[in-house]
Amino acid sequence: MNLTLHVWRQKDGKSKGQFVKYEAPDISEDMSFLEMLDVVNERLILRREDPIAFDHDCREGICGTCGVVVNGRAHGPRERTTCCQLHMRSFRDGDHVWIEPWRAKAFPVVKDLIVDRGAFDRIIAAGGFISAPTGSAVDANAMPISKENADLAMDAAACIGCGACVAACPNASAMLFTAAKIAQLSLLPQGEPERWIRVKRMVRQMDAEAFGNCTNHGECEAVCPKAVSVDNIARLNRDYIRSSLIAERRVEAAAG
Amino acid sequence: MRIYPASHYTMGGLWVDYNLESTIAGLFVAGEANFSDHGANRLGASALMQGLADGYFVIPYTLGNYLAGTKFEPVTEDHPEARAAKADVENRIKRLLSLNGKRTVMDFHRELGKLMWEYCGMGRTREGLQTALEKIPALRAEFWEDAIVPGVNEELNQSLEYAGRVADFLEIGELMCLDALEREESCGAHFRQEYQTEDGEALRDDVNFSHVAAWEYTGEGTRPNRHIEPLEFEYVALATRSYK
Ligand code: SF4
Ligand code: FES
């Protein structure tokens, strides 16, 4: 099939970017979206033009590295699908395809379609961990966990940190990501010791990173490739309110 | 869904001791880069688990112990070794960026991949490996003449990064073929077609190949040295695994 691409080209974070039009003839519908970009880049290189910079790693929907906005939708037209797993058969011959990077103040553009998602790392570093002692594995039945909670924690843990939720949110809020990273721990007994200080610290970091506030649009859940539920945001809010009722000092002391 | 066979993992890795320290003092190797947990087969997520296990249970203790117990001389950027290493990297980058030939790096990567798949896959033969050992150096020479590496060093340059990797693959690919050629038996997940039993099962040669081997790099374009360390079995006798 033949496509016309409009790709956001931007030299670096300081330069101004713009859409550049590229014809992409002879694209196989069996290619993934990223393979299509590879082909386009091969042709650009042979024409001595600068290839399009885009992030990718696993190309199997598990690392969260890829991610661009395709025709206005984060990760493109298919539900629950990262753009590395999106196939060109989701497009039609003659389509115009607009490709741009995540747009959020907290995710500065590095080059073309690549953004710096270091803000996510800093949110995790602020509290996305547990202090369970390592050493030999504990007996499997020592800590009973209800099936429902185990499932919900697992669903939250499916978040791959791609940032599509931020890109889709009209406020560029990172609530779905942060909520998923909190819920996967707070739903389980292992996450209990730091539960209150974790939510405080992670939310504080999220705010410091210039993400917007959540006003319940739900766009995040709609584009999330892992279908992380906005219910987690409700869990975050509940924990956050509760944590502010517990004296700060006690919370800090509990966290050591 | 399309299902097709693919080579899964190459075995091997850097030699480490019980603390995950390599033979270079202070150089610890964690996760899949070390040899320690590689078996005859590796299933999905083993790499992740090895990374987690090493990262959680071993490295925090052994690396911390090393750091606490070792006295370090301060090193500055004008240390002769640091300067030499920096110059090496800069030269290599310059050399890569000066390539302005006719073939893309991906094109070379594909050709190398096909050679490896064809001649150094799960089943391999002496003849095939010898063919690969002629073709890979030729391909590498062509790469260093005819590849195109666009862009500059001062900006994010994914093409340069990729070219550096493929240049490495062209070396390691040749070494893998050399190693496979040297091992005249069928062992582990790899099958030398000349060495099989009457009913087509892998045939090991415990008399000549009951050892681990490591290759020593001797510089660009020269044949590496093969070092071996015999395997000694004190409590279990070597046997052949049979599913029959
Ligand atoms: S919540 Fe979903 S969209 Fe947001 S970072 Fe995680 S996986 Fe990506
Ligand atoms: S490249 Fe890893 S999720 Fe797309």
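What counts and what doesn't
- Residues numbered from 1 in each chain as written.
- Chains lettered and ligands numbered in written order.
- Predicted model: local features only at pLDDT ≥ 70, side-chain atom pairs only at ≥ 80, totals over all residues.
- Heavy atoms only, no water.
- Pairing = 2+ DSSP bridges.
- Helix = DSSP H or I, 4+ residues; strand = E, 2+ residues; numbered from the N terminus.
- Core = buried A, V, L, I, M, F, W, Y, C linked by side-chain atoms within 4.5 Å.
- Buried < 20%, exposed > 50% of the residue type's maximum accessible area, 1.4 Å probe, protein only.
- Contact = heavy atoms within 4.5 Å.
- Buried area = accessible area lost by both parts, 1.4 Å probe.
- Salt bridge = Lys/Arg side-chain N within 4 Å of Asp/Glu carboxyl O.
- Polar contact = N/O pair within 3.5 Å; in protein donor to acceptor, adjacent residues only side chain to side chain.
- Nonpolar A, V, L, I, M, F, W, Y, C, P; charged D, E, K, R; others polar.

Draft legend 1. Just the sheet that holds strand S5 (residues 96-100) of chain A, in detail. Residue and element names in this part refer to chain A. Overall, mixed pairing links the five strands, which are arranged S2-S1-S5-S3-S4 in an open sheet. Both outer strands of the open sheet, strand S2 (18-24) and strand S4 (73-74), are each paired with one neighbouring strand and no more. One ladder, built from seven bridges, connects strand S1 (residues 3-9) with S2; its direction is antiparallel. Opposite Val7, over in S2, you have Val20 as the bridge partner.

Draft legend 2. Region of interest: the nonpolar core. Within the largest apolar cluster, 37 residues are counted, with the highest numbers of intra-cluster contacts made by A:Phe107, A:Phe120, A:Val166 and A:Phe211. Apart from the residues within four sequence positions on either side, A:Phe107 is in contact with A:Trp102, A:Val115, A:Asp116, A:Arg117, A:Phe120, A:Gly163, A:Val166 and A:Phe211.

Draft legend 3. A look at the interface of chain B and chain A. With 16 residues of chain B at the interface, the matching set in chain A holds 17 residues. Between chain B and chain A, the buried area comes to about 1300 Å², and carbon and sulfur atoms account for 53% of it. At the boundary of chain B and chain A, one finds one salt bridge. Ionic pairing is found between B:Glu155 and A:Lys11, a salt bridge with its closest N-O pair at 3.0 Å. Summed over the shared surface of chain B and chain A, the number is six residue pairs in polar contact (both at pLDDT 80 or more). Going through the elements one at a time, helix H1 (46-69), helix H3 (105-119) and helix H5 (158-182) of chain B are the ones with two or more residues in the side of chain B that touches chain A. A class-by-class count of the residues in the side of chain B that touches chain A yields seven nonpolar, five polar and four charged.

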